[in-house]
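Okay, here's what each chain looks like letter by letter:
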Amino acid sequence: MLLANESEVIQDAAETVTTWKDKLWDWFTDMDMWTDVLFSGIKIILIFVLTRLFVRILFRIIDRSLQKREKSRLHMNPRRLVTVGELLKNVTTITSNFIMVMLVLGEIGFDLAPLLAGAGVLGLAIGFGAQSMVKDVITGFFIILEDQFAVGDVIQTGSLKGTVEMIGLRSTRLVSWTGEVHIIPNGMITNVTNYSVGTALAVVDLPFSNSRKLEDSVELLKRAMQRLKEEQEEIPQVPNVLGIQSLTSSEYVIRIAVECAPAIRSEVERQIQAYAKEALEQEEMENQRGRA
C-alpha cells in the first residue's frame, strides 16, 4: 500500500514537472507574445528618447528667453535669472517625467484611469488647502519673470513704500526710509509703483523776503548750485534755478530742481538747502563786514 502511494506521488511530481516544462517552452516559443514585448520595448525607448529631446529643447528656449531678460530696462540680478531658470527647468523636468512614466505604465499594461483619478483628487485637495500659498508663489514667479522690480528699487504697493531688500517666490521684503521692515505676501501685491525706473526729480522751494531783490536771490542761488555740482560728484548736473514758484505780500518762493538717481533724491534735496543756506550766511557776513 505504501509502495503504491509513493509511486503515485512520484508520478504526479513527474507530471507536474513535465507540465511546467511544457508551459515554459510554450512561453519561450510564443512568437506573438515576444512580438508584443519587442514593440512595447521599442515604444518605451522611443517615449524615453522623445521625452529627453523635448526637455532639452525646452531648456534651450528657457535659456534664450532669460538671456533676453538680461538686456531689459531693469537690470536683473544674475542670481535671480538663475533662480527663474532653475525653477522653470525643474517644472519642465517633473512634468515631462510624469507624463513619460504614465505612458510607460500604459505600455506595460497598467490601468491609468485609477491613477489619474487619484492624482486629480490629490491635486484638488492640495489646491483647496493651500490657495493662499499657491497664489503667493504664482505671483512671485511672475514678479521675478516679468522683472517688475528689482532688489534696491524704491517701490510703493498700497500704503507701503520702501526699498526692496529681498524678493522671493513666497514674499517680498521692503525697508522704509525710517527703518521699518515690511514683509508682504506676493499674493497681496496687486499694483506697484516703481520709483527707480529712469531718474527722479529733486525739487526744493526756498522762500525769500520781498525786501530782497529777485535778481540778487537768483544769482546767489545759481552760484551756490554751481559750487554744489563741483563738490558733489553724485549730482549729474547743475541744479536748475527755475524762478518764482509762488508770491505773497511778504515773500516770494524760488524753486530749484535737478534730475538725480531715485535712491539719493532726499539727500540731494538736503544738499541743495544746505548750500543755499551757506551762501546766504556768507553773503550776510560779507554785508556786515562792508558796513563795518
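Structure's up top.
Residues numbered from 1 in each chain as written. Predicted model: local features only at pLDDT ≥ 70, side-chain atom pairs only at ≥ 80, totals over all residues. Heavy atoms only, no water.

Draft legend 1. Seen up close, the overall build of the protein. Check the secondary structure of the protein and you find seven helices and eight strands. Sorting the 292 residues of the protein into buried and exposed places 27% on the buried side. A sequence separation of at least 24 residues applies to 60% of the contacts in the protein between residues at least 6 apart. Looking at the protein as shown, the accessible area adds up to about 20,000 Å², and 61% of this sits on carbon and sulfur atoms. (Helix = DSSP H or I, 4+ residues; strand = E, 2+ residues; numbered from the N terminus. Buried < 20%, exposed > 50% of the residue type's maximum accessible area, 1.4 Å probe, protein only. Contact = heavy atoms within 4.5 Å. Areas by Shrake-Rupley, 256 points an atom, 1.4 Å probe, with all protein chains shown as cover.)

Draft legend 2. Just the sheet that holds strand E7 (residues 240–247), in detail. Pairing is antiparallel across the open sheet formed by three strands, whose spatial order is E6-E8-E7. In this open sheet, the two edge strands, each paired with only one partner strand, are strand E6 (200–209) and E7. The average undirected angle you get between the axes of adjacent strands in this sheet is 30 degrees. The pairing of E7 with strand E8 (residues 251–260) spans six bridges and is antiparallel. Across the sheet, Ile244 pairs through a bridge with Ile254, a residue of E8. (Pairing = 2+ DSSP bridges. Axes fitted to C-alpha atoms, helices over the stretch in contact; angles between N-to-C directions.)

Draft legend 3. Inspection of the pattern of salt bridges at higher detail. If you walk through the whole model with that rule in mind, you get eight salt bridges. Between Glu278 and Arg227 there is a salt bridge, with the nearest N and O atoms lying 3.2 Å from each other. With Glu278 in helix H7 (residues 265–291) and Arg227 in helix H6 (residues 214–231), this residue pair connects regions lying 51 residues apart in the sequence. (Salt bridge = Lys/Arg side-chain N within 4 Å of Asp/Glu carboxyl O.)

Draft legend 4. Seen up close, the environment of Ala274. With respect to the secondary-structure elements, Ala274 resides in helix H7. By relative accessible area, which is 34% here, Ala274 ends up partly exposed. Separated by 50 residues in the primary sequence, Ala274 and Ala224 place their C-alpha atoms 9.6 Å from one another.

Draft legend 5. Main features of the nonpolar core. In terms of nonpolar packing, the biggest core is built from 22 residues, with Leu221, Met225 and Ile272 touching the most fellow members. Where this core is concerned, the elements lending two or more residues are E6, H6, E8 and H7. Broken down by element, the residue count for this core peaks at six residues, all from H6. The residues contacting Met225, other than those within four sequence positions of it, are Val238, Pro239, Val241, Ile256, Ile272, Tyr275 and Ala276. (Core = buried A, V, L, I, M, F, W, Y, C linked by side-chain atoms within 4.5 Å.)

Draft legend 6. Region of interest: the packing of aromatic side chains. Applying the stated criterion across every chain, the model contains one aromatic pair. Consider the rings of Phe208 and Tyr252, whose centres lie 6.0 Å apart with planes at 20 degrees: the pair is stacked. Within this pair, whereas Phe208 is found in strand E6, its partner Tyr252 is found in strand E8, the two being separated by 44 residues in sequence. (Phe/Tyr/Trp six-rings, centres within 6.5 Å; stacked < 30°, edge-to-face > 60°.)

Draft legend 7. Geometry of the pairing of strand E3 (residues 171–175). Among the five residues in E3, four count as buried, and that is most of the element. Of the pairings in the sheet, the one linking strand E2 (residues 160–167) to E3 comprises four bridges and is antiparallel in character. Residue Val164 lies in a different strand from E3, and its bridge partner there is Leu174. From the end of E2 to the start of E3, which pair antiparallel, there are three residues. From the end of E3 to the start of strand E4 (residues 181–185), which pair antiparallel, there are five residues, and Gly179 there has a positive phi angle of about 105 degrees.

Draft legend 8. Representation of the sheet that holds strand E1 (residues 154–157). Taken in spatial order, the five strands make up an open sheet running E4-E3-E2-E1-E5, and their pairing is antiparallel. The sheet terminates laterally at E4 and strand E5 (193–194), the two strands that pair on one side only. Here five bridges tie E3 to E4, and the two strands are oriented antiparallel to one another. When the bridges of E4 are listed, Leu174 appears paired with His182.

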